[in-house]
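# Structural overview for review
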2 protein chains.
Amino acid sequence: MEDRNELFGICPFVTSQKVLTGKWSLLIMYHLSKGPVRFNELQRRLPNLTQATLSKQLKALEADGMVIRKEYPQIPPKVEYSMSEIGHKFKIVLESLEVWGNEYIEYIERKK
Amino acid sequence: MEDRNELFGICPFVTSQKVLTGKWSLLIMYHLSKGPVRFNELQRRLPNLTQATLSKQLKALEADGMVIRKEYPQIPPKVEYSMSEIGHKFKIVLESLEVWGNEYIEYIERKK
DNA sequence: CTGTATCCTTGTCGATACTG
DNA sequence: CAGTATCGACAAGGATACAG
């Protein structure tokens with residue numbers, strides 16, 4: 001374990017954290033795990049996220065190879081986002097995160 | 001799924017992402033998963049992380065209930081950090097992240 | 001419908017120096 | 001040993017407006 005940047009591509013945690021930096025990445029990946037989604041539909045499911053922000057986050061995930069963007073040459077345009085192969089493998093992480101997240105929420109409630 | 005802030009404490013992914021925002025949180029949790037660690041030892045294992053930053057990240061994790069800080073009244077002072085109960089439950093997530101992270105690293109290598 | 005272009009605010013991180 | 005204080009730099013996100 002040495003430098004964060006040097007360790008990208010070496011340490012699984014450094015690498016994971018880098019890919020998951022986006023504030024909405026988990027939520028986006030979760031929605032894509034249910035199947036391909038169009039841009040507009042995704043935005044509808046993620047209120048309080050502007051078009052600009054959603055676009056940036058999707059571009060980042062696409063650049064990281066997590067997400068596949070498929071464009072249908074139509075008018076009006078149609079673009080579908082889906083999980084890539086490595087993205088699909090991430091579903092296991094999502095599942096464990098979902099379980100843990102709910103446990104954490106319970107923990108917070110008890111603490112109140 | 002509505003607002004990020006409103007959903008903290010409701011949606012497991014929103015909640016998880018909030019807890020894991022820290023740039024070093026995964027790495028710190030990983031090291032603590034091996035057992036209690038003193039401040040200095042932790043810093044030694046995490047080069048390229050200044051004392052100030054490590055201190056802030058630990059404070060954040062402690063505030064979130066992920067980490068327990070135990071202070072021994074000695075001279076020189078000794079402080080041990082360890083995983084809390086909910087922190088221990090996070091180990092499952094760490095394990096799946098480790099597996100996935102390594103798969104992702106392989107994926108990147110193949111892409112080159 | 002699916003974006004992009006700007007601009008601005010905010011938060012986070014790191015560097016450095018200092019302390020009980 | 002285990003921090004804190006301060007400061008500056010930078011990146012990420014959000015608001016708004018516009019475009020193909």
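Residues numbered from 1 in each chain as written. Chains lettered and ligands numbered in written order. Predicted model: local features only at pLDDT ≥ 70, side-chain atom pairs only at ≥ 80, totals over all residues. Heavy atoms only, no water.

Going by the annotation in an unreviewed UniProt entry, the name recorded for chain A is ArsR family transcriptional regulator, with Aminipila terrae given as the source organism.

### Examining the protein's contact with DNA strand D
Around DNA strand D lies a shell of 23 residues, among which Lys-23 of chain A together with Asn-40, Ser-55, Arg-69 and Tyr-81 of chain B are the nearest. Of what DNA strand D places within 4 Å of the protein, 70% of the atoms are sugar or phosphate. One of the side-chain N or O atoms of Lys-56 of chain A is found 3.3 Å from a base oxygen in DNA strand D. (Near = heavy atom within 4 Å. Polar contact = N/O pair within 3.5 Å; in protein donor to acceptor, adjacent residues only side chain to side chain.)

### Some words on the packing of aromatic side chains
For the coordinates displayed, the defined rule picks out nine aromatic pairs over all chains. A ring pair is formed by Phe-39 of chain B and Tyr-81 of chain B, whose centres lie 6.5 Å apart and whose planes are at 50°; its orientation type is tilted. Of this pair, Phe-39 of chain B sits in helix H4 (residues 39-45) while Tyr-81 of chain B is found in strand E3 (residues 78-83), placing the two residues 42 residues apart along the sequence. Against the face of Tyr-72 of chain A rests Lys-78 of chain A, its NZ or CZ located 4.8 Å from the ring centre. Residue placement shows Lys-18 of chain B over the ring face of Phe-8 of chain B; its charged tip is 5.2 Å from the ring centre. (Phe/Tyr/Trp six-rings, centres within 6.5 Å; stacked < 30°, edge-to-face > 60°. Helix = DSSP H or I, 4+ residues; strand = E, 2+ residues; numbered from the N terminus. Lys NZ or Arg CZ within 6 Å of the ring centre and 35° of its normal.)

### Section: the interface of chain B and chain A
The partner chain A presents 49 residues to the 50 residues of chain B that form the contact. Roughly 4400 Å² is buried in total at the junction of chain B and chain A, and carbon and sulfur atoms are behind 70% of that figure. The three residues of chain B that bury the most area against chain A are Phe-13, Gln-17 and Trp-100 of chain B, which together make up 18% of that side's buried surface. There are zero salt bridges connecting chain B and chain A. Applying the counting rule to chain B against chain A returns 13 residue pairs in polar contact (both at pLDDT 80 or more). The biggest single contributor to the side of chain B that touches chain A is helix H7 (residues 91-111) of chain B, with 15 residues. For the side of chain B that touches chain A, a count of residues per class yields 27 nonpolar, 13 polar and ten charged. (Contact = heavy atoms within 4.5 Å. Buried area = accessible area lost by both parts, 1.4 Å probe. Salt bridge = Lys/Arg side-chain N within 4 Å of Asp/Glu carboxyl O. Nonpolar A, V, L, I, M, F, W, Y, C, P; charged D, E, K, R; others polar.)

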